[in-house]
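Breakdown of the fold
As a plain string of letters, each chain reads:
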Amino acid sequence: MIRNAQAAVRRFLPSGGGGGKGIALGAVLLAGIWGASGFYRVQPDELGVVMRFGAFERTAPPGLNYRIPWPVESVTTPRVTRINRVDVGFRGAADTAPGARVVASRDVLPESLMLTGDENIIDIDFAVFWRIRDASDFLFNTRNPEDTVKSAAESVMREVIGRTPIQQALTEARAQIEQDVRRGLQGIMDQYHAGVEITQVQMQKSDPPAAVVESFRDVQRANADRERTRNEAESFRNDIIPRARGDAERMVQEAQGFRDAQIARSRGEAGRFTAVLSAYSQAQDITVRRIYLETMEEIFKRNGMTLVDDRLRGLVPFLPLGDGQRPTATPTPAQRAQPAAPAMAVPPMAVPPRGAGR
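Residues numbered from 1 in each chain as written. Predicted model: local features only at pLDDT ≥ 70, side-chain atom pairs only at ≥ 80, totals over all residues. Heavy atoms only, no water.

Focus: the side chain of Ser206
Locating Ser206 in the fold gives a position in strand S11 (residues 196-207). With relative accessibility at 6%, the residue Ser206 sits in the buried group. There is a polar contact of 3.1 Å between the side chain of Ser206 and the backbone oxygen of Ala169. Apart from residues lying up to four places away in sequence, Ser206 is in contact with Ile122, Asp123, Ile124, Ala169, Leu170 and Arg174. (Helix = DSSP H or I, 4+ residues; strand = E, 2+ residues; numbered from the N terminus. Buried < 20%, exposed > 50% of the residue type's maximum accessible area, 1.4 Å probe, protein only. Polar contact = N/O pair within 3.5 Å; in protein donor to acceptor, adjacent residues only side chain to side chain. Contact = heavy atoms within 4.5 Å.)

So this is what it looks like as structure tokens:
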């Protein structure tokens, strides 16, 4: 190569004694070209990894950088900000090779069929999203990082599903399974020093196997009916029990109120009797007359009265019919205009002698 370069330089130099100078100039040109070949550019989404004789030397940030030209140093620029995806249990358009015909998603049963904690089989498809966290570890510590991520993700998913019942894996435990798988997978990557960060684990499908999916759905519908009936029974119980407790409490309160009323009435009667007895001991005649008047007032208040003077002659006897009350005639307009006559005062009756008729 040096000889060919010297010949090319001689063709451009004048003939004569300047051969030594031409060789020197050619060597300088070659050295300049070789030195200029050490400049390289790192894109914004990349990180430069410089290797000296195949061993890791340093990293280079995005932008224009320089290295010792080949064969001393070489550079690799992995894309450290790109989010990579690995599908486990199925193959889709993202897994096809560049330039190949795009095919629809298909299930890979050896990867997707797993055994649950209650010894049932479940068909799970999921995707793992990851990016490069440490470029040097990513390039030098694992031979095939993508296959390593895929194998570790499948292993961790089988471990998590192996301790989860099928009912929870199909319904409410999906988010928890994704978090457990992400943490377990990240722990394995850190243990391998793979330089990989797991950003997300996303479950695409979680179903029973296709051969028993209809039977499983029948079981699910039966469980849903059982749960609905149980909820209806619970709602009826929650309605009738508080109502019965409320009725019982109301009856207890009414009984307590009646008891308190009876006690208060009895105490009041006893206090009244004591007061009358005290008044009777101080003024017997006045007390007896007062008791008699109050008793007659109560009697007259509850019953109608017909006063007949036995000195009258030719009195027609009055025979009360019906409810024992005299029929009341409808007053005329003249009678309504007149003021009401004052009530006739009844002369006081003779008080029986003391000690008689008690």
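A few points about the packing of helix H5 (residues 145-161) against helix H7 (residues 174-192)
What describes two packed helices is the angle between their axes and the distance between those same axes. Where H5 meets H7, the closest approach of the two axes is 9 Å, and the angle between their N-to-C directions is 135°. What the angle tells us is that H5 and H7 run oblique. By crossing handedness, the relation of H5 to H7 is classed as right-handed. From H5, Thr148, Val149, Ala152, Ala153, Val156, Met157, Val160 and Ile161 reach across to H7, where they touch Ile177, Asp180, Val181, Gly184, Leu185, Ile188, Met189 and Tyr192. Of the residues assigned to the contact of H5 with H7, the class counts are 13 nonpolar, 2 polar and 1 charged. (Axes fitted to C-alpha atoms, helices over the stretch in contact; angles between N-to-C directions. Parallel < 35°, antiparallel > 145°, perpendicular 65-115°, else oblique. Left-handed = near helix turned anticlockwise from the far one by under 90°. Nonpolar A, V, L, I, M, F, W, Y, C, P; charged D, E, K, R; others polar.)

Brief notes about the pattern of salt bridges
Pairs can form between side chains of opposite charge whenever their charged atoms are close. One pass over the full model with this rule turns up 20 salt bridges. Its salt-bridge partner being Asp123, residue Lys205 comes within 3.1 Å of it at the nearest N-O pair. Residue Lys205 is located in strand S11, and its partner Asp123 is located in strand S10 (residues 121-132); the two are separated by 82 residues in the primary sequence. In this structure, Asp218 and Arg221 form a salt bridge, with 2.1 Å as the shortest nitrogen-oxygen distance. In this pair, Asp218 and Arg221 are both assigned in helix H8 (residues 213-282), 3 residues apart and thus about one turn of the helix distant. Classification of Arg221 by relative accessible area gives partly exposed; the value is 45%. (Salt bridge = Lys/Arg side-chain N within 4 Å of Asp/Glu carboxyl O.)

Considering the sheet that holds strand S5 (residues 73-76)
Across a sheet, strands are paired by hydrogen bonds formed along the backbone, either parallel or antiparallel in direction. Pairing is antiparallel in the open sheet, where 3 strands are placed in the order S3-S2-S5. Single-partner strands in this sheet number two, and they are strand S3 (55-60) and S5. Taking each pair of neighbouring strands and ignoring which way they run, the sheet shows an average axis angle of 30°. Relative to S5, strand S2 (residues 48-52) runs antiparallel, the two being bridged by 4 bridges. In the strand pairing of S5, Val49 is matched with Thr76. (Pairing = 2+ DSSP bridges.)

Regarding the pairing of strand S6 (residues 84-88)
Burial runs high along S6: 4 of the 5 residues are buried. Where S6 and S10 come together, 5 bridges link them in antiparallel fashion. In the strand pairing of S10, Val88 is matched with Phe126.

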